[in-house]
Amino acid sequence: LVCRHAALFALWYLPGIPFVYAYELLRKISEARGEVYPMMLAALIENVVVAGVGYYLVNYSDWGWLGAAWAVSLGRIASLPCIVIGMIWCGDKMVGDDDLEEDYQHLFRKLWEGFRPSQALNAKAIILWLGLGIPGMLQMMFEWIAWEVITLLCGILPGEKRSIIAIGSSAIGSSVSNLTFMAYYGTCVAGN
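Description of the structure in this document. (Residues numbered from 1 in each chain as written. Predicted model: local features only at pLDDT ≥ 70, side-chain atom pairs only at ≥ 80, totals over all residues. Heavy atoms only, no water.)

## Some details on the packing of aromatic side chains
Next up, step 1: Inspection of the entire model under this criterion finds five aromatic pairs.
Next up, step 2: Seen in terms of ring centroids, tryptophan 12 and tryptophan 63 are 4.8 Å apart; in terms of plane orientation they differ by 85 degrees. Their pairing is edge-to-face. Of the two residues, tryptophan 12 sits in helix H1 (residues 2-13) while tryptophan 63 sits in the loop between helix H3 (37-60) and helix H4 (66-95), which places them 51 residues apart along the sequence.
Next up, step 3: When its relative accessible area of 28% is taken as the criterion, tryptophan 12 is described as partly exposed.
Next up, step 4: The partly exposed category is assigned to tryptophan 63, whose relative accessible area is 31%.
Next up, step 5: Geometrically, the ring pair formed by tryptophan 12 and tryptophan 70 is edge-to-face, given 5.5 Å between the ring centres and 85 degrees between the ring planes. (Phe/Tyr/Trp six-rings, centres within 6.5 Å; stacked < 30°, edge-to-face > 60°. Helix = DSSP H or I, 4+ residues; strand = E, 2+ residues; numbered from the N terminus. Buried < 20%, exposed > 50% of the residue type's maximum accessible area, 1.4 Å probe, protein only.)

Have a look at this one:
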């Protein structure tokens, strides 16, 4: 029963995942440009959407507890246009021109003036990027996967009561791990 509920929750949680990847890419570009406001704007809007939509869906709609997953997906979807708008606004302020160009071909150049596709998309640059990115990705992935595997294994324990207690204990352990990790992670992002 618990695994079925978790699967249903994850199903409504998944639509926001591609937007997280796109947001993270744009966040790194914004950090490289030395901008803080686009990320603050996106985080503020995302939290308002998650809290507002989540509260409404959980308490006043037929969605019930699944409304929380759908609200997180909507919040993640909302964060992407917010960071793009913030980057365009900060880009205008950085360059010093107050006119928003109508030509959409210059949108990418306006987001990041220093990007040269010929330099970024050659084999040497891609190998360097993968060499730096893959070890960090694997480190984080294995830690998170370990907690998820433990939770899944708790779900197949014999006896419903025992299984629920084990899943709850695993969730508490995972939450404590995430809580302690976020302080470190936030410091690393701030110093990046």
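## Looking at the environment of isoleucine 83
Next up, step 1: You can see isoleucine 83 is positioned in helix H4.
Next up, step 2: What makes isoleucine 83 buried here is its relative accessible area of 0%.
Next up, step 3: Separated by 57 residues in the primary sequence, isoleucine 83 and leucine 26 place their C-alpha atoms 7.3 Å from one another.
Next up, step 4: Those residues in contact with isoleucine 83, other than ones at most four positions away along the chain, are Tyr23, Leu26, Arg27, Pro38, Met39 and Ala42. (Contact = heavy atoms within 4.5 Å.)

No statement about biological role is implied by the geometric values presented.
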